[in-house]
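# Tertiary structure, described
So you can see what is in the structure, the chains are spelled out below.
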Amino acid sequence: MSSPVSIGFHSIIKIDRRKEDAVYIQIVYQFINAVKRNLLEDGDLLPGSRKIATELNVHRKTVVAALAELQEQGWVEILPNRGTFVKNPERVITAASAIEAFRQPPDRAPYHFRKELILDTPVFEIPERYYFTDGTPDYRIIETEELVRFYASMVKRKKKSDEFPATTDGNLFFRDQLSYYLNLTRGFHLSRNFLLPIASREQIFSILSRLLIQQGDIVLVENLSYFLPNMIFSQAGAKLKTVPVDAMGMEIDYIADHFAPGEIRCVYINTKCQYPTTVSLSEKRKIQLLQLAEQYNFIVIEDDVDFESSLVKDKGESLFRKNAGNRVIYTGTFGRFLDPGFQMNFLIAPQDLLEEGKKYMNLFGKPNFMIEKTLGEIIHQGDIFRYQRKFQKIVAERKDLFAQLLQSNFENEITFEVPVSGLAFWIRFKFSFSLTILQEKAKEKGVLLPSNCLYQNRTVTALRLGFAHLDEKDMCDAVRLLHEAYHETVEAK
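Predicted model, so just to flag it, every value in this text is computed and none were measured.

### Description of the nonpolar core
- Counting residues in each nonpolar core, the largest one holds 82 residues, and the members touching the most others are Phe132, Ile255 and Leu438.
- The element best represented in this core is helix H16 (residues 383-410), accounting for eleven residues.
- When neighbours within four sequence positions are excluded, Leu438 is seen to be in contact with Phe429, Phe433, Leu449, Leu463, Leu482, Ala485, Tyr486 and Thr489.
- Among the nonpolar cores identified, the runner-up in size contains 31 residues, and Tyr226, Ile232, Tyr268 and Leu353 belong to it.

Below you can see the structure in the form of structure tokens.
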């Protein structure tokens with residue numbers, strides 16, 4: 001009988017309890033990596049689960065769960081009364097390929113296809129210890145296990161279709177619950193007939209672009225605005241025109257001075273938290289914009305994605321509430337602080353427009369009715385309000401800490417306003433330098449500064465830095481290292 005491998009498991013498997021991945025999954029991933037690197041070889045006998053658990057300082061049940069998953073994937077073989085042996089399924093695949101080699105597709109397609117440069121979006125791997133975003137939540141605040149329990153209870157219920165009817169018009173229970181929640185939190189008076197739940201923001205803007213935009217239509221957006229809807233509108237054939245933004249939001253007078261009645265098709269705007277500067281549209285300008293929409297005959301697409309992250313009680317009326325949807329199409333997010341798999345976006349508009357919008361839903365796949373039922377139950381049981389209070393409390397604490405850290409580290413080198421809404425700060429440097437070099441210096445220190453956080457032109461050198469995904473320790477370290485990178489950048493200038 002073989003002796004168990006002598007290699008210490010603590011040397012090949014490192015548990016990081018700050019990661020979102022469950023501990024047993026971390027063990028699985030790192031075990032597979034060790035086999036691929038030949039640190040563990042095909043046929044090696046593993047120590048008992050108790051010994052491994054002691055070495056890794058985890059519960060034995062965690063090791064048992066990891067070994068079960070590894071056996072399921074073919075990386076170990078568990079033989080009764082003999083032990084657990086390492087297997088390398090890739091070695092079998094390699095041996096079989098020698099008999100009949102599998103040919104990979106070519107690197108470049110031998111045929112023509114359409115390329116859309118305007119749809120390119122920055123995608124980053126994150127090998128660095130710390131990273132900033134342009135404003136994302138910390139999905140660890142609301143434990144996913146609790147959401148999964150809601151989902152499991154929906155799956156187990158008998159006669160689910162009787163209790164929560166799903167029709168060609170969607171999940172009626174969820175739409176009723178969501179309209180109730182929006183009416184309560186945003187001061188609306190909606191029935192479900194004016195509400196269309198949609199899985200992602202990309203789908204919302206794709207549907208709106210198909211319904212509203214023809215080749216050459218002028219769409220107004222704020223200067224330094226959000227790339228996601230902009231690129232979708234552009235791809236649909238719109239001509240994007242930018243409108244200046246100041247401390248009171250979009251300059252509505254600029255629209256009246258530079259465009260004629262009938263010339264504008266749509267204005268896209270976030271009235272609560274302009275991207276990336278985080279400023280809000282003043283009440284006076286809201287009224288101006290609505291009056292101009294009537295006078296010039298254009299549509300306003302109001303994006304209220306940051307409503308749930310606003311910490312003030314008086315959030316101000318939305319354009320939609322002021323206008324009753326006559327000129328305003330309203331879009332927002334429900335449960336943005338939940339795990340992404342449990343989030344939902346929605347569109348509020350006249351009923352006939354939504355009926356046309358539903359026709360495009362099949363392009364993106366069938367709605368996940370079980371997720372919708374789960375979200376409806378979370379609202380119905382009142383848990384969504386508990387989740388939101390917990391989220392907002394932690395966001396408020398982290399926002400205050402982030403402001404203090406910026407002030408203490410950068411002192412008089414930057415200017416910023418603490419945002420009323422949203423999960424990011426707009427940070428302006430007092431003199432110009434290369435943000436690309438700052439990005440490189442930060443990376444050398446283990447801090448990822450994504451390109452979509454950098455804003456630089458002749459008059460602006462600024463960063464949009466998200467804070468909500470960082471806990472206290474990581475936030476302190478990340479800001480300190482960013483400041484060190486900044487000084488090295490300035491000194492090298």
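Let's pick the thread back up.
### Regarding the packing of aromatic side chains
- For the structure shown, the criterion picks out 25 aromatic pairs.
- Centroid distance Tyr181 to Phe334: 5.2 Å. Interplanar angle 80°. Geometry classified as edge-to-face. Taken together, the residues span a long stretch of sequence, with Tyr181 in helix H8 (residues 172-186) and Phe334 in strand S13 (residues 328-334) at a distance of 153 residues.
- Here Tyr181 falls in the buried class, since its relative accessible area comes to 1%.

### Notes on helix H14 (residues 351-359)
- What H14 keeps buried is the set Leu353, Leu354, Gly357 and Lys358. The arc that holds every buried residue of H14, seen down its axis, measures 145°, which confines them to one face. Across H14 from its buried face, at more than 90 degrees, point the exposed residues Asp352 and Lys359.
- Summarising the contacts, the buried residues of H14 are in contact with H8, strand S6 (195-198), helix H9 (201-212), S13 and strand S14 (344-348).

### Quick notes on the packing of H9 against helix H10 (residues 227-235)
- Following both chains from N to C, one finds H9 and H10 inclined at 35°, their axes separated by 9 Å at the closest point. Of the two possible hands of crossing, H9 and H10 adopt the one that is right-handed. Residues Arg201, Glu202, Phe205, Ser206 and Ser209 of H9 touch H10, and the partners they reach there are Leu228, Pro229, Ile232 and Phe233.
- In terms of residue class, the contact of H9 with H10 is made up of five nonpolar, two polar and two charged.

### Examining the sheet that holds strand S19 (residues 461-466)
- Spatially, the four strands line up as an open sheet ordered S15-S16-S19-S18, and their pairing is antiparallel. For this open sheet the edge positions go to strand S15 (414-416) and strand S18 (454-456), each flanked by a neighbour on one side alone. Between one strand axis and the next, the sheet turns by 25° as a mean value, whatever way the strands run.
- The sheet contact formed by S15 and strand S16 (residues 424-429) spans three bridges and is antiparallel. If you follow Thr415 over to S16, its bridge partner there is Arg428.
- Here H16 sits on the sheet in contact with S15, S16 and S19, set at roughly 15° to S16.

### Concerning the layout of surface pockets
- Its boundaries defined by the atoms lining it, the second largest pocket holds a volume of some 500 Å³.
- Around the second largest pocket, the lining is made up of 19 residues, and of these Asp246, Thr277, Val279, Trp426 and Arg428 lie nearest the centre.
- Where the lining of the second largest pocket is concerned, the elements lending two or more residues are strand S9 (245-246) and S16.
- When grouped by side-chain class, the residues that make up the lining of the second largest pocket number ten nonpolar, six polar and three charged.

### Things to note about the side chain of Asn323
- Inspection of the secondary structure puts Asn323 in helix H13 (residues 319-323).
- A relative accessible area of 10% means that Asn323 is categorised as buried.
- One polar contact links the side chain of Asn323 to the main-chain amide nitrogen of Val328, over a distance of 3.4 Å.
- Each residue touching Asn323, except ones within four places of it in the same chain, is listed here: Leu290, Glu294 and Val328.

### Details of the sheet that holds strand S12 (residues 299-303)
- The strand order across the open sheet built from seven strands is S6-S14-S13-S12-S11-S7-S8, with neighbouring strands paired in mixed fashion. With partners counted over all chains shown, the strands left at the sheet margins are S6 and strand S8 (239-243), one partner each. Strand-to-strand twist across the sheet, computed as the mean angle between neighbouring axes with direction ignored, equals 20°.
- On top of the sheet, H14 reaches S6, S13 and S14; it is set at about 25° to S6, its chief contact.

### Structural notes on the pattern of salt bridges
- Under the defined criterion, the tally for this structure stands at 24 salt bridges.
- Glu55 is the salt-bridge partner of Lys51, the closest N and O atoms lying 3.4 Å from each other. Of the two residues, Lys51 and Glu55 both sit in helix H3 (residues 49-56), four residues apart, roughly one turn of that helix.
- Residues Glu317 and Arg321 are paired through a salt bridge, measuring 2.2 Å at the closest nitrogen-oxygen approach.
- What makes Glu317 partly exposed here is its relative accessible area of 31%.
- Through salt bridges with shared partners, one network takes in Lys445, Lys473, Asp477, Arg480, Glu484 and Glu488.

The rules behind each value
- Residues numbered from 1 in each chain as written.
- Predicted model: local features only at pLDDT ≥ 70, side-chain atom pairs only at ≥ 80, totals over all residues.
- Heavy atoms only, no water.
- Core = buried A, V, L, I, M, F, W, Y, C linked by side-chain atoms within 4.5 Å.
- Buried < 20%, exposed > 50% of the residue type's maximum accessible area, 1.4 Å probe, protein only.
- Helix = DSSP H or I, 4+ residues; strand = E, 2+ residues; numbered from the N terminus.
- Contact = heavy atoms within 4.5 Å.
- Phe/Tyr/Trp six-rings, centres within 6.5 Å; stacked < 30°, edge-to-face > 60°.
- Arc of directions from axis to C-beta.
- Axes fitted to C-alpha atoms, helices over the stretch in contact; angles between N-to-C directions.
- Left-handed = near helix turned anticlockwise from the far one by under 90°.
- Nonpolar A, V, L, I, M, F, W, Y, C, P; charged D, E, K, R; others polar.
- Pairing = 2+ DSSP bridges.
- 1 Å grid on protein atoms, 1.4 Å probe; cavity = no way out; pocket = protein on both sides within 12 Å on 5 of 7 lines; lining within 4 Å.
- Points joined across faces, edges and corners; volume = space filled by probe spheres on them.
- Polar contact = N/O pair within 3.5 Å; in protein donor to acceptor, adjacent residues only side chain to side chain.
- Salt bridge = Lys/Arg side-chain N within 4 Å of Asp/Glu carboxyl O.

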